[in-house]
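Report on the structure
Okay, here's what each chain looks like letter by letter:
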Amino acid sequence: MIKIRNVTGWQKTKFNLKLKINIFFHHIPVLCKREISFTGFILLLKRLLLFVSKMQHNKFVNIDGKTRLGLYVPGYPSQAFYTACHKFSQFSEKMPCTTVLLSITSACPYHCNYCYQKLDKGKDVELETLIKTVRKLQEMGIAFFNIEGGEPFIVYERLKRVCTVIDARSEIWINSTGAGMSPEKLSELKELNVTAIMFSLHSPDAVTFNQFMGEDSAWDTMEKGVEMCHKAGLAVAFNTCLMREDFYSGNFERIMEAAKGFGACLIQIIKPKPAGGWLEKGNIEFTTENLNYIKNRVNQYNLEEAFSEYPAISAQIIEEDKAVFGCTAGGTDRFYINAKGDLQPCEFLNISFGNIMVDEFEDIYQKMRNCFAWGGERYLCESCSKDIYKVFLENELKSLPLTPTLSEKIYSSWDRGKKTDLYERLEKMIRSGQANIFGRRK
(Lines give C-alpha, C1' and ligand atoms only; values in the text may rest on other atoms or scores of the structure.)
Protein backbone atom coordinates (compact mmCIF):
# COMPACT_ATOMS: atom_id res chain seq x y z
CA MET A 1 0.00 0.00 0.00
CA ILE A 2 1.17 3.49 -0.80
CA LYS A 3 1.80 5.83 2.13
CA ILE A 4 -0.08 9.16 2.01
CA ARG A 5 0.43 11.82 4.68
CA ASN A 6 -0.77 15.42 4.74
CA VAL A 7 1.83 18.00 5.74
CA THR A 8 0.11 20.64 7.86
CA GLY A 9 0.68 22.91 10.85
CA TRP A 10 4.19 22.87 12.35
CA GLN A 11 5.18 20.04 9.99
CA LYS A 12 4.51 22.35 7.05
CA THR A 13 6.61 25.10 8.66
CA LYS A 14 9.43 22.61 9.23
CA PHE A 15 9.15 21.34 5.64
CA ASN A 16 9.33 24.89 4.21
CA LEU A 17 12.56 25.53 6.09
CA LYS A 18 14.05 22.20 4.97
CA LEU A 19 13.02 22.88 1.37
CA LYS A 20 14.66 26.31 1.29
CA ILE A 21 17.91 24.98 2.75
CA ASN A 22 18.03 22.09 0.30
CA ILE A 23 17.26 24.31 -2.70
CA PHE A 24 20.21 26.49 -1.67
CA PHE A 25 22.69 23.62 -1.34
CA HIS A 26 21.40 21.83 -4.46
CA HIS A 27 22.35 24.84 -6.60
CA ILE A 28 25.73 25.53 -4.99
CA PRO A 29 27.55 23.25 -7.51
CA VAL A 30 26.16 25.36 -10.38
CA LEU A 31 27.77 28.41 -8.81
CA CYS A 32 31.02 26.59 -8.02
CA LYS A 33 31.32 25.44 -11.65
CA ARG A 34 30.86 29.08 -12.68
CA GLU A 35 27.91 28.11 -14.87
CA ILE A 36 26.10 31.06 -13.31
CA SER A 37 27.40 34.23 -11.71
CA PHE A 38 26.87 35.06 -8.06
CA THR A 39 24.25 37.62 -9.13
CA GLY A 40 22.47 34.98 -11.21
CA PHE A 41 22.64 32.53 -8.31
CA ILE A 42 20.96 35.02 -5.98
CA LEU A 43 18.31 35.82 -8.58
CA LEU A 44 17.60 32.11 -9.10
CA LEU A 45 17.08 31.61 -5.36
CA LYS A 46 14.88 34.72 -5.09
CA ARG A 47 12.71 33.53 -7.97
CA LEU A 48 12.37 30.05 -6.51
CA LEU A 49 11.48 31.38 -3.07
CA LEU A 50 8.90 33.72 -4.61
CA PHE A 51 7.32 30.76 -6.39
CA VAL A 52 7.29 28.68 -3.18
CA SER A 53 5.63 31.60 -1.35
CA LYS A 54 2.77 31.45 -3.87
CA MET A 55 2.09 27.81 -2.92
CA GLN A 56 1.46 28.36 0.77
CA HIS A 57 -2.33 28.40 0.37
CA ASN A 58 -2.09 24.70 -0.52
CA LYS A 59 -2.17 21.72 1.77
CA PHE A 60 1.09 19.87 1.10
CA VAL A 61 0.87 16.09 0.77
CA ASN A 62 3.58 13.47 1.12
CA ILE A 63 3.25 10.54 -1.29
CA ASP A 64 5.63 7.70 -0.50
CA GLY A 65 8.24 10.03 0.93
CA LYS A 66 7.94 12.81 -1.66
CA THR A 67 6.11 16.00 -0.72
CA ARG A 68 4.20 17.98 -3.33
CA LEU A 69 3.41 21.63 -2.97
CA GLY A 70 0.64 21.60 -5.58
CA LEU A 71 -0.95 19.50 -8.30
CA TYR A 72 1.50 20.46 -11.04
CA VAL A 73 4.65 20.54 -8.91
CA PRO A 74 6.52 17.19 -8.85
CA GLY A 75 7.15 15.66 -5.45
CA TYR A 76 10.20 16.75 -3.45
CA PRO A 77 12.85 15.38 -3.35
CA SER A 78 13.05 14.06 -6.89
CA GLN A 79 14.84 14.68 -10.16
CA ALA A 80 11.53 15.87 -11.60
CA PHE A 81 11.23 18.50 -8.86
CA TYR A 82 14.60 19.96 -9.81
CA THR A 83 13.62 19.85 -13.48
CA ALA A 84 10.79 22.19 -12.51
CA CYS A 85 13.20 24.37 -10.50
CA HIS A 86 15.45 24.78 -13.54
CA LYS A 87 12.71 26.93 -15.12
CA PHE A 88 13.75 29.80 -12.86
CA SER A 89 17.39 29.76 -13.98
CA GLN A 90 16.41 30.93 -17.47
CA PHE A 91 17.21 34.63 -17.66
CA SER A 92 17.91 35.47 -21.30
CA GLU A 93 14.68 34.03 -22.77
CA LYS A 94 11.13 33.24 -21.68
CA MET A 95 11.04 30.79 -18.79
CA PRO A 96 10.39 27.30 -20.17
CA CYS A 97 7.09 25.48 -19.71
CA THR A 98 7.10 22.69 -17.10
CA THR A 99 3.67 21.02 -17.47
CA VAL A 100 1.87 19.40 -20.39
CA LEU A 101 -1.55 17.78 -20.55
CA LEU A 102 -1.26 15.09 -23.20
CA SER A 103 -4.25 13.28 -24.71
CA ILE A 104 -3.15 10.00 -26.28
CA THR A 105 -6.53 8.91 -27.69
CA SER A 106 -10.04 10.23 -28.25
CA ALA A 107 -11.51 6.75 -27.71
CA CYS A 108 -13.82 6.72 -24.68
CA PRO A 109 -16.73 4.51 -23.54
CA TYR A 110 -18.49 7.42 -21.82
CA HIS A 111 -20.84 10.14 -23.06
CA CYS A 112 -20.34 13.23 -20.91
CA ASN A 113 -22.32 16.16 -22.33
CA TYR A 114 -19.93 18.72 -20.83
CA CYS A 115 -16.72 17.12 -22.19
CA TYR A 116 -14.22 19.67 -23.50
CA GLN A 117 -13.19 17.06 -26.10
CA LYS A 118 -16.76 16.38 -27.22
CA LEU A 119 -16.16 17.90 -30.66
CA ASP A 120 -12.49 16.88 -31.02
CA LYS A 121 -13.18 14.56 -33.93
CA GLY A 122 -10.43 12.97 -35.97
CA LYS A 123 -7.85 10.22 -36.09
CA ASP A 124 -5.46 9.77 -33.18
CA VAL A 125 -1.97 11.02 -33.97
CA GLU A 126 0.46 8.35 -35.19
CA LEU A 127 2.24 6.74 -32.27
CA GLU A 128 5.79 7.34 -33.53
CA THR A 129 5.05 11.04 -34.01
CA LEU A 130 3.65 11.16 -30.50
CA ILE A 131 6.71 9.40 -29.06
CA LYS A 132 9.05 11.75 -30.92
CA THR A 133 7.17 14.74 -29.50
CA VAL A 134 7.23 13.35 -25.94
CA ARG A 135 11.01 13.03 -26.13
CA LYS A 136 11.23 16.66 -27.28
CA LEU A 137 9.00 17.72 -24.41
CA GLN A 138 11.33 16.15 -21.89
CA GLU A 139 14.37 17.75 -23.47
CA MET A 140 12.74 21.19 -23.30
CA GLY A 141 12.16 20.84 -19.54
CA ILE A 142 8.70 19.36 -19.02
CA ALA A 143 8.69 18.19 -15.40
CA PHE A 144 5.08 17.02 -15.15
CA PHE A 145 3.21 14.90 -17.72
CA ASN A 146 -0.54 14.64 -17.15
CA ILE A 147 -1.63 11.89 -19.57
CA GLU A 148 -5.26 11.38 -20.50
CA GLY A 149 -7.66 10.29 -23.25
CA GLY A 150 -10.49 9.77 -23.97
CA GLU A 151 -9.73 6.80 -21.83
CA PRO A 152 -6.02 5.92 -21.98
CA PHE A 153 -6.42 2.42 -20.52
CA ILE A 154 -8.46 1.18 -23.48
CA VAL A 155 -5.39 1.83 -25.65
CA TYR A 156 -3.05 0.45 -23.02
CA GLU A 157 -0.13 -0.50 -25.27
CA ARG A 158 -0.10 3.09 -26.55
CA LEU A 159 -0.19 4.41 -22.98
CA LYS A 160 2.58 2.07 -21.88
CA ARG A 161 4.80 3.07 -24.80
CA VAL A 162 4.44 6.77 -23.98
CA CYS A 163 5.24 6.18 -20.30
CA THR A 164 8.24 4.03 -21.25
CA VAL A 165 10.04 6.92 -22.98
CA ILE A 166 9.55 9.36 -20.06
CA ASP A 167 12.45 9.05 -17.63
CA ALA A 168 12.89 10.27 -14.03
CA ARG A 169 13.41 13.88 -15.14
CA SER A 170 9.61 14.10 -15.22
CA GLU A 171 6.70 12.89 -13.09
CA ILE A 172 3.66 11.18 -14.63
CA TRP A 173 0.01 11.28 -13.59
CA ILE A 174 -2.73 9.59 -15.61
CA ASN A 175 -6.37 10.70 -15.87
CA SER A 176 -8.77 7.75 -16.10
CA THR A 177 -12.33 6.60 -15.54
CA GLY A 178 -11.10 3.14 -14.58
CA ALA A 179 -12.40 1.58 -17.81
CA GLY A 180 -9.91 -0.93 -19.21
CA MET A 181 -7.86 -0.91 -15.99
CA SER A 182 -6.39 -4.10 -14.53
CA PRO A 183 -4.01 -4.98 -11.67
CA GLU A 184 -1.40 -6.14 -14.19
CA LYS A 185 -1.47 -2.89 -16.12
CA LEU A 186 -1.22 -0.81 -12.96
CA SER A 187 1.74 -2.85 -11.71
CA GLU A 188 3.55 -2.22 -14.99
CA LEU A 189 2.83 1.52 -14.82
CA LYS A 190 4.06 1.66 -11.23
CA GLU A 191 7.44 0.50 -12.56
CA LEU A 192 7.36 3.16 -15.29
CA ASN A 193 7.55 6.27 -13.10
CA VAL A 194 3.76 6.76 -12.79
CA THR A 195 2.87 8.39 -9.46
CA ALA A 196 -0.91 8.71 -9.42
CA ILE A 197 -4.17 7.98 -11.23
CA MET A 198 -6.75 10.78 -11.25
CA PHE A 199 -10.43 9.81 -11.50
CA SER A 200 -13.49 12.00 -12.01
CA LEU A 201 -15.84 12.50 -9.06
CA HIS A 202 -18.48 14.96 -10.19
CA SER A 203 -21.07 13.70 -7.72
CA PRO A 204 -20.90 11.64 -4.51
CA ASP A 205 -24.14 9.91 -5.51
CA ALA A 206 -23.75 6.83 -7.73
CA VAL A 207 -26.95 7.39 -9.75
CA THR A 208 -26.20 11.07 -10.40
CA PHE A 209 -22.58 10.21 -11.20
CA ASN A 210 -23.66 7.62 -13.77
CA GLN A 211 -26.04 10.10 -15.39
CA PHE A 212 -23.28 12.70 -15.53
CA MET A 213 -20.91 10.22 -17.20
CA GLY A 214 -23.59 8.81 -19.51
CA GLU A 215 -22.97 5.20 -18.47
CA ASP A 216 -24.81 3.07 -15.88
CA SER A 217 -21.68 1.23 -14.77
CA ALA A 218 -19.46 4.33 -14.38
CA TRP A 219 -19.54 4.44 -10.55
CA ASP A 220 -18.78 0.73 -10.13
CA THR A 221 -15.94 0.99 -12.66
CA MET A 222 -14.48 3.96 -10.80
CA GLU A 223 -14.74 2.23 -7.41
CA LYS A 224 -12.99 -0.88 -8.68
CA GLY A 225 -10.30 1.26 -10.32
CA VAL A 226 -9.61 3.09 -7.07
CA GLU A 227 -9.29 -0.21 -5.20
CA MET A 228 -6.89 -1.59 -7.81
CA CYS A 229 -4.71 1.53 -7.62
CA HIS A 230 -4.38 1.25 -3.85
CA LYS A 231 -3.37 -2.40 -4.14
CA ALA A 232 -0.83 -1.55 -6.86
CA GLY A 233 0.75 1.19 -4.74
CA LEU A 234 -0.37 4.06 -6.96
CA ALA A 235 -1.74 7.24 -5.41
CA VAL A 236 -5.39 8.08 -6.09
CA ALA A 237 -6.56 11.60 -6.90
CA PHE A 238 -9.84 13.06 -8.16
CA ASN A 239 -11.05 15.96 -10.25
CA THR A 240 -14.51 17.41 -9.89
CA CYS A 241 -16.36 20.01 -11.94
CA LEU A 242 -18.80 21.78 -9.63
CA MET A 243 -21.44 24.36 -10.47
CA ARG A 244 -22.00 27.42 -8.31
CA GLU A 245 -24.94 25.88 -6.42
CA ASP A 246 -22.89 22.82 -5.41
CA PHE A 247 -20.97 24.97 -2.93
CA TYR A 248 -24.17 26.13 -1.23
CA SER A 249 -26.17 22.88 -1.25
CA GLY A 250 -23.69 20.77 0.72
CA ASN A 251 -22.63 18.83 -2.36
CA PHE A 252 -19.05 20.12 -2.09
CA GLU A 253 -18.78 18.79 1.48
CA ARG A 254 -20.23 15.41 0.43
CA ILE A 255 -17.67 15.14 -2.35
CA MET A 256 -14.87 15.89 0.10
CA GLU A 257 -16.18 13.15 2.39
CA ALA A 258 -16.29 10.72 -0.54
CA ALA A 259 -12.76 11.63 -1.66
CA LYS A 260 -11.51 11.11 1.90
CA GLY A 261 -13.31 7.76 2.06
CA PHE A 262 -11.63 6.68 -1.18
CA GLY A 263 -8.21 7.47 0.30
CA ALA A 264 -7.43 10.26 -2.18
CA CYS A 265 -4.24 12.29 -1.83
CA LEU A 266 -5.64 15.30 -3.73
CA ILE A 267 -8.78 16.58 -5.38
CA GLN A 268 -8.78 19.15 -8.18
CA ILE A 269 -11.78 21.46 -8.35
CA ILE A 270 -12.39 22.51 -11.95
CA LYS A 271 -14.36 25.68 -12.61
CA PRO A 272 -17.02 24.98 -15.28
CA LYS A 273 -15.69 26.25 -18.61
CA PRO A 274 -17.47 27.20 -21.84
CA ALA A 275 -15.55 24.71 -24.00
CA GLY A 276 -16.24 21.63 -26.09
CA GLY A 277 -19.73 20.35 -25.28
CA TRP A 278 -20.44 23.51 -23.29
CA LEU A 279 -18.94 26.01 -25.73
CA GLU A 280 -22.32 27.53 -26.57
CA LYS A 281 -22.98 28.34 -22.90
CA GLY A 282 -20.69 31.36 -22.99
CA ASN A 283 -19.39 32.53 -19.63
CA ILE A 284 -20.73 30.36 -16.79
CA GLU A 285 -21.23 33.08 -14.22
CA PHE A 286 -19.70 33.09 -10.77
CA THR A 287 -20.06 36.44 -9.02
CA THR A 288 -17.24 37.94 -6.97
CA GLU A 289 -19.26 37.03 -3.88
CA ASN A 290 -19.53 33.41 -5.10
CA LEU A 291 -15.81 33.18 -5.78
CA ASN A 292 -14.86 34.62 -2.40
CA TYR A 293 -17.18 32.18 -0.63
CA ILE A 294 -15.73 29.20 -2.53
CA LYS A 295 -12.15 30.32 -1.87
CA ASN A 296 -12.88 30.57 1.84
CA ARG A 297 -14.34 27.05 1.89
CA VAL A 298 -11.34 25.65 0.02
CA ASN A 299 -8.92 27.45 2.35
CA GLN A 300 -10.69 25.96 5.35
CA TYR A 301 -10.08 22.45 4.06
CA ASN A 302 -6.49 23.20 3.08
CA LEU A 303 -5.35 25.26 6.05
CA GLU A 304 -7.48 24.63 9.14
CA GLU A 305 -6.56 21.89 11.63
CA ALA A 306 -10.14 20.59 11.76
CA PHE A 307 -9.84 19.51 8.12
CA SER A 308 -6.26 18.24 8.23
CA GLU A 309 -7.23 14.64 7.41
CA TYR A 310 -9.06 15.55 4.20
CA PRO A 311 -7.35 15.39 0.78
CA ALA A 312 -5.45 18.44 -0.43
CA ILE A 313 -7.48 20.65 -2.76
CA SER A 314 -6.16 22.21 -5.96
CA ALA A 315 -8.81 24.76 -6.99
CA GLN A 316 -8.61 26.47 -10.37
CA ILE A 317 -10.36 29.59 -9.09
CA ILE A 318 -7.48 30.08 -6.63
CA GLU A 319 -4.59 28.99 -8.86
CA GLU A 320 -5.86 31.21 -11.71
CA ASP A 321 -6.49 34.21 -9.47
CA LYS A 322 -4.39 37.21 -10.48
CA ALA A 323 -2.94 37.33 -6.95
CA VAL A 324 -1.52 33.80 -7.37
CA PHE A 325 -0.54 32.66 -10.89
CA GLY A 326 -3.24 33.93 -13.21
CA CYS A 327 -3.69 32.20 -16.56
CA THR A 328 -0.54 30.20 -17.30
CA ALA A 329 -1.77 28.62 -20.54
CA GLY A 330 0.09 28.66 -23.83
CA GLY A 331 3.34 27.37 -22.39
CA THR A 332 3.72 30.06 -19.74
CA ASP A 333 3.63 27.09 -17.43
CA ARG A 334 1.38 24.54 -19.17
CA PHE A 335 -0.30 23.69 -22.46
CA TYR A 336 -2.30 20.91 -24.11
CA ILE A 337 -1.77 18.50 -26.99
CA ASN A 338 -4.99 16.83 -28.05
CA ALA A 339 -5.38 13.31 -29.42
CA LYS A 340 -5.25 14.54 -33.02
CA GLY A 341 -1.96 16.34 -32.41
CA ASP A 342 -3.16 19.94 -32.13
CA LEU A 343 -1.19 22.27 -29.85
CA GLN A 344 -3.72 24.20 -27.77
CA PRO A 345 -2.94 26.79 -25.09
CA CYS A 346 -5.04 24.74 -22.68
CA GLU A 347 -7.69 22.05 -22.88
CA PHE A 348 -10.49 24.59 -22.39
CA LEU A 349 -9.40 27.02 -25.12
CA ASN A 350 -10.62 25.46 -28.38
CA ILE A 351 -8.04 26.95 -30.74
CA SER A 352 -4.99 25.39 -32.39
CA PHE A 353 -1.58 26.82 -33.23
CA GLY A 354 -0.73 23.85 -35.45
CA ASN A 355 -0.61 20.07 -35.59
CA ILE A 356 2.41 17.84 -34.94
CA MET A 357 1.34 15.54 -37.79
CA VAL A 358 1.75 18.42 -40.24
CA ASP A 359 4.33 20.83 -38.81
CA GLU A 360 7.44 20.64 -36.67
CA PHE A 361 6.66 20.75 -32.98
CA GLU A 362 9.29 23.42 -32.31
CA ASP A 363 7.77 25.78 -34.90
CA ILE A 364 4.23 25.39 -33.54
CA TYR A 365 5.37 25.76 -29.96
CA GLN A 366 7.32 28.94 -30.68
CA LYS A 367 4.34 30.41 -32.52
CA MET A 368 2.20 29.75 -29.47
CA ARG A 369 4.76 31.11 -27.01
CA ASN A 370 4.93 34.36 -28.99
CA CYS A 371 1.31 34.91 -27.94
CA PHE A 372 1.95 33.86 -24.32
CA ALA A 373 5.06 35.63 -23.12
CA TRP A 374 3.78 35.92 -19.55
CA GLY A 375 0.97 34.95 -17.19
CA GLY A 376 -2.11 37.08 -17.72
CA GLU A 377 -5.01 38.21 -15.56
CA ARG A 378 -7.67 37.37 -18.15
CA TYR A 379 -9.09 33.85 -18.56
CA LEU A 380 -9.14 33.49 -22.34
CA CYS A 381 -11.17 30.28 -22.27
CA GLU A 382 -14.00 32.40 -20.87
CA SER A 383 -13.48 35.77 -22.57
CA CYS A 384 -12.97 34.24 -26.05
CA SER A 385 -15.56 31.46 -25.96
CA LYS A 386 -18.30 33.47 -27.67
CA ASP A 387 -15.95 34.50 -30.48
CA ILE A 388 -14.78 30.90 -30.92
CA TYR A 389 -18.38 29.68 -31.03
CA LYS A 390 -19.28 32.37 -33.56
CA VAL A 391 -16.43 31.32 -35.87
CA PHE A 392 -17.45 27.68 -35.38
CA LEU A 393 -21.02 28.41 -36.51
CA GLU A 394 -20.13 30.82 -39.33
CA ASN A 395 -17.84 28.26 -40.93
CA GLU A 396 -20.29 25.36 -40.36
CA LEU A 397 -17.59 23.35 -38.63
CA LYS A 398 -18.18 19.85 -37.30
CA SER A 399 -15.16 19.59 -35.03
CA LEU A 400 -12.93 21.52 -32.66
CA PRO A 401 -10.47 23.06 -32.05
CA LEU A 402 -10.65 25.76 -34.71
CA THR A 403 -8.11 25.28 -37.48
CA PRO A 404 -4.83 27.21 -37.11
CA THR A 405 -5.98 29.71 -39.74
CA LEU A 406 -9.33 30.34 -38.06
CA SER A 407 -7.67 30.35 -34.65
CA GLU A 408 -5.52 33.28 -35.74
CA LYS A 409 -8.69 35.36 -36.04
CA ILE A 410 -9.13 34.84 -32.33
CA TYR A 411 -5.64 35.36 -30.95
CA SER A 412 -4.55 38.12 -33.35
CA SER A 413 -6.84 40.61 -31.61
CA TRP A 414 -7.53 39.26 -28.13
CA ASP A 415 -6.81 41.12 -24.93
CA ARG A 416 -4.84 39.06 -22.40
CA GLY A 417 -5.16 41.68 -19.72
CA LYS A 418 -2.29 42.78 -17.51
CA LYS A 419 0.62 40.65 -16.38
CA THR A 420 -0.03 39.01 -13.06
CA ASP A 421 1.95 40.29 -10.10
CA LEU A 422 4.03 37.10 -9.95
CA TYR A 423 5.31 37.33 -13.52
CA GLU A 424 5.83 41.08 -13.26
CA ARG A 425 8.01 40.52 -10.17
CA LEU A 426 9.91 37.65 -11.79
CA GLU A 427 10.77 39.86 -14.77
CA LYS A 428 11.65 42.80 -12.53
CA MET A 429 14.20 40.61 -10.76
CA ILE A 430 15.92 39.98 -14.08
CA ARG A 431 15.96 43.65 -15.07
CA SER A 432 17.45 44.66 -11.71
CA GLY A 433 20.38 42.27 -12.04
CA GLN A 434 20.73 42.04 -15.80
CA ALA A 435 24.18 43.61 -15.95
CA ASN A 436 25.97 40.61 -14.47
CA ILE A 437 23.74 37.53 -14.40
CA PHE A 438 25.78 35.00 -16.32
CA GLY A 439 29.03 33.39 -15.42
CA ARG A 440 31.22 31.25 -17.64
CA ARG A 441 29.25 28.50 -19.37
CA LYS A 442 30.84 25.39 -20.78
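Residues numbered from 1 in each chain as written. Predicted model: local features only at pLDDT ≥ 70, side-chain atom pairs only at ≥ 80, totals over all residues. Heavy atoms only, no water.

Moving on: the packing of helix H6 (residues 183-190) against helix H8 (residues 218-232). Interaxial distance between H6 and H8 falls to 9 Å at its minimum, and their mutual angle equals 45°. Of the possible angle classes, the one that applies to H6 and H8 is oblique. When the axes of H6 and H8 are compared, the crossing they make is right-handed. Note on element contacts: H8 touches H6 through Met228, Cys229 and Ala232, opposite Pro183, Leu186, Ser187 and Lys190. For the contact of H6 with H8, the per-class residue count stands at 5 nonpolar, 1 polar and 1 charged. (Axes fitted to C-alpha atoms, helices over the stretch in contact; angles between N-to-C directions. Helix = DSSP H or I, 4+ residues; strand = E, 2+ residues; numbered from the N terminus. Parallel < 35°, antiparallel > 145°, perpendicular 65-115°, else oblique. Left-handed = near helix turned anticlockwise from the far one by under 90°. Contact = heavy atoms within 4.5 Å. Nonpolar A, V, L, I, M, F, W, Y, C, P; charged D, E, K, R; others polar.)

All chains considered together, the criterion is met by 33 aromatic pairs. Centroid distance Phe252 to Tyr301: 5.3 Å. Interplanar angle 75°. Geometry classified as edge-to-face. Here Tyr301 lies in helix H10 (residues 288-303) and Phe252 lies in helix H9 (residues 251-261), a separation of 49 residues in the sequence. Tyr301 gets classed as buried once you look at its relative accessible area, which sits at 3%. Taking the ring centre of Phe60 as reference, the NZ or CZ of Lys12 above it sits at 4.7 Å. Sitting over the ring of Tyr379, Lys273 keeps its end group 5.6 Å from the ring centre. (Phe/Tyr/Trp six-rings, centres within 6.5 Å; stacked < 30°, edge-to-face > 60°. Buried < 20%, exposed > 50% of the residue type's maximum accessible area, 1.4 Å probe, protein only. Lys NZ or Arg CZ within 6 Å of the ring centre and 35° of its normal.)

Turning to a nonpolar patch on the surface, a few remarks are in order. A cluster of nonpolar side chains, namely Leu17, Ile21, Phe24 and Phe25, defines an oily patch on the protein surface of about 400 Å² accessible area. Inspection of the secondary structure puts Phe25 in helix H1 (residues 9-32). On the basis of relative accessibility, which here comes to 55%, the residue Phe25 falls in the exposed class. (Patch = residues over 30% accessible without salt bridge, like charges linked within 9 Å, V, L, I, M, F, W, Y side chains within 5 Å. Areas by Shrake-Rupley, 256 points an atom, 1.4 Å probe, with all protein chains shown as cover. Salt bridge = Lys/Arg side-chain N within 4 Å of Asp/Glu carboxyl O.)

A word on the nonpolar core. If you look at the biggest cluster of nonpolar residues, it comprises 134 residues, and the most contacted ones within it are Ile147, Ile174, Ile197, Phe238 and Phe335. Of the residues forming this core, the biggest block, 8 residues, is contributed by helix H2 (residues 38-53). Once you skip the residues sitting within four places of it in the chain, Ile174 turns out to touch Asn146, Ile147, Pro152, Phe153, Leu159, Cys163, Leu189, Val194, Ala196, Ile197 and Met198. Within the second largest apolar cluster, 12 residues are counted, among which are Leu71, Trp173, Met198 and Ala235. (Core = buried A, V, L, I, M, F, W, Y, C linked by side-chain atoms within 4.5 Å.)

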